[in-house]
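If you want the building blocks of each chain, they are given just below.
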Amino acid sequence: ERRATGTAERIRRLRKPPERSLSDAVAAVGRKTRLVRPSLGLTRRSQYEDAIEVGERFAAEFDLGDVRAARLVEVVEGALGILVLMVDATEGISGAACR
């Protein structure tokens, strides 16, 4: 967990802001960042079926299409503002999330 957090932090510092067109930059002037982010509403007590239902709703609301993985990173980074890292992790680590 500590190694994954350190890696994420280094990438955040090195990451370039997304390139925007002049019209996008002008439109963003004066716009404040989002106060509330969407939440899936799942807890440790949620059932497998709850996760399936939430996943289906997420896919529909963000128009992920038939091959959901193809647009998932784009949507998570662009629409939700969450950094997604694709790394070759050490053995025993299949995924990580950092706050």
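Quick note: structure is the one above.
Description of the structure in this document. Computed from a prediction, not measured in an experiment: that's the story for all the values here.

### Re the nonpolar core
Residues Phe58, Ala59, Leu64, Val75, Val76 and Leu80 constitute the largest nonpolar core, which totals six residues. If we ignore the near neighbours within four places in the chain, the residues touching Phe58 are Leu40, Leu64, Leu72, Val75 and Leu80.

### Structural notes on the pattern of salt bridges
Across all of its chains, the model carries three salt bridges by this definition. Glu61 serves as the salt-bridge partner of Arg57, at 3.9 Å between the closest nitrogen and oxygen. Of the two residues, Arg57 and Glu61 both sit in helix α3 (residues 48–61), four residues apart, roughly one turn of that helix. Judged by its relative accessible area of 49%, Arg57 is partly exposed. Overall, Glu61 belongs to the exposed group, its relative accessible area being 58%. A salt bridge links Glu74 to Arg71; its shortest N-O distance comes to 3.7 Å. On the criterion of helical spacing, the pair formed by Glu74 and Arg71 is a turn pair, its members being three residues apart in helix α4 (residues 69–78). With a relative accessible area of 28%, Arg71 lands in the partly exposed category.

Cut-offs applied
- Residues numbered from 1 in each chain as written.
- Predicted model: local features only at pLDDT ≥ 70, side-chain atom pairs only at ≥ 80, totals over all residues.
- Heavy atoms only, no water.
- Core = buried A, V, L, I, M, F, W, Y, C linked by side-chain atoms within 4.5 Å.
- Buried < 20%, exposed > 50% of the residue type's maximum accessible area, 1.4 Å probe, protein only.
- Contact = heavy atoms within 4.5 Å.
- Salt bridge = Lys/Arg side-chain N within 4 Å of Asp/Glu carboxyl O.
- Helix = DSSP H or I, 4+ residues; strand = E, 2+ residues; numbered from the N terminus.

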